[in-house]
Amino acid sequence: MADEAGGGGPDEVDRIVAAWRRERPDLDVSPLQVLSRVSRLSRQLDLARRAAFAEHDLEAWSFDVLSALRRAGHPHQLTPGRLVASTLVTSGTMTNRVDRLVAAGLVERHPDPGDRRGVLVRLTPAGASRVDAAMADLLVRERQLLAGLDAPQQQALADVLRRISRGLDEG
């Protein structure tokens, strides 16, 4: 049942799959072997991210906005429309988020020199410091989640997940 190459004995997913096979031998439950583990890992990742962000007085949404600005490169600014596209939220939600980040001193609004009616959202030094610290903490936690895999195994997993993700993105 458990993958010999994966080491160790059966895990909770193996037990769930075995129970379904026993109860419903007419169903092919093999997708559970992958996707139930992905789901469980997702929950663990969500907990790790929340903890990392909380250490820096951030929430997932604020980290998303600040990290989008940080990744934009100097001068770490984007239009609200680019932030919406980057974070996949509505423009109304983004306006609320930017308002909250401005109030916290983590971003500023500046006139867009390329569009008289537009604005640019720019990361402040405090915002850059906060997102950089949260990112470093997040990476420590993510490395802990992957500690059971060596570098080639992590790369192989990343490659397989990229194939699945690309297929979903294109579909």
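- An unreviewed UniProt entry annotates the protein chain as DNA-binding MarR family transcriptional regulator originating from Pseudokineococcus lusitanus.

### Observations regarding the overall build of the protein chain
In step 1: Of the regular secondary structure elements, the protein chain holds 7 helices and 3 strands.
In step 2: N-terminal to C-terminal, the α/β element order of the protein chain is α-α-α-β-α-α-β-β-α-α.
In step 3: Based on the C-alpha atoms only, the size of the protein chain along its principal axes is roughly 65 × 35 × 25 Å.
In step 4: With 171 residues in all, the protein chain has 26% of them scored as buried.

### Points about the pairing of strand β2 (residues 107-112)
In step 1: Bridge count between β2 and strand β3 (residues 115-123): 6 bridges; the pairing is antiparallel. The residue of β3 that forms the bridge with Glu-108 is Arg-122.
In step 2: Following β2, the chain reverses through 2 residues before pairing antiparallel with β3.

### Section: the packing of helix α1 (residues 12-23) against helix α2 (residues 30-54)
In step 1: Interhelical geometry of α1 versus α2 gives an angle of 145° and a closest axis separation of 9 Å. As for the relative orientation of α1 and α2, their crossing is right-handed in sense. On α2, the residues that touch Glu-12, Val-13, Asp-14, Ile-16, Val-17, Trp-20 and Arg-21 of α1 are Ser-30, Leu-32, Gln-33, Ser-36, Arg-37 and Arg-40.
In step 2: Its residues assigned to classes, the contact of α1 with α2 shows 5 nonpolar, 3 polar and 5 charged.

### Brief notes about a nonpolar patch on the surface
In step 1: Taken together, Val-34, Leu-35, Val-38, Leu-149, Leu-157, Val-160, Leu-161, Ile-164 and Leu-168 make up a surface patch of nonpolar side chains, about 740 Å² in accessible area.
In step 2: Counting residues per element, the nonpolar patch draws most heavily on helix α7 (residues 151-170), which supplies 5 residues.
In step 3: Counting through the fold element by element, Leu-35 comes out in helix α2.

### Things to note about the UniProt feature "domain: HTH marR-type" (unreviewed entry) in the protein chain
In step 1: UniProt records the feature "domain: HTH marR-type" (unreviewed entry) at residues 31-166, using the numbering of this structure.
In step 2: Across residues 31-166, helical content stands at 69% and strand content at 12%; the span's end C-alpha atoms are separated by 18 Å.

### Some points on the pattern of salt bridges
In step 1: Overall, the coordinates contain 11 salt bridges when judged by the stated rule.
In step 2: Here Arg-49 ties to Glu-142 by a salt bridge, and the two come within 3.2 Å at their closest N and O atoms. With Arg-49 in helix α2 and Glu-142 in helix α6 (residues 125-145), this pair connects stretches of sequence that are 93 residues apart.
In step 3: Arg-49 sits in the partly exposed class, given a relative accessible area of 34%.
In step 4: Each of Asp-11, Asp-14 and Arg-37 takes part in one network of salt bridges that share partners.

### A word on the packing of aromatic side chains
In step 1: Per the counting criterion, the structure on display carries 1 aromatic pair.
In step 2: On the numbers, 4.3 Å between centres and 20° between planes, the contact of Phe-53 with Phe-63 is stacked. One end of the pair, Phe-53, is in helix α2; the other, Phe-63, is in helix α3 (residues 60-71), with 10 residues separating them in the sequence.

What counts and what doesn't
- Residues numbered from 1 in each chain as written.
- Predicted model: local features only at pLDDT ≥ 70, side-chain atom pairs only at ≥ 80, totals over all residues.
- Heavy atoms only, no water.
- Helix = DSSP H or I, 4+ residues; strand = E, 2+ residues; numbered from the N terminus.
- Buried < 20%, exposed > 50% of the residue type's maximum accessible area, 1.4 Å probe, protein only.
- Pairing = 2+ DSSP bridges.
- Axes fitted to C-alpha atoms, helices over the stretch in contact; angles between N-to-C directions.
- Left-handed = near helix turned anticlockwise from the far one by under 90°.
- Contact = heavy atoms within 4.5 Å.
- Nonpolar A, V, L, I, M, F, W, Y, C, P; charged D, E, K, R; others polar.
- Patch = residues over 30% accessible without salt bridge, like charges linked within 9 Å, V, L, I, M, F, W, Y side chains within 5 Å.
- Areas by Shrake-Rupley, 256 points an atom, 1.4 Å probe, with all protein chains shown as cover.
- Salt bridge = Lys/Arg side-chain N within 4 Å of Asp/Glu carboxyl O.
- UniProt positions renumbered as here; feature names shortened; annotations may be inferred.
- Phe/Tyr/Trp six-rings, centres within 6.5 Å; stacked < 30°, edge-to-face > 60°.

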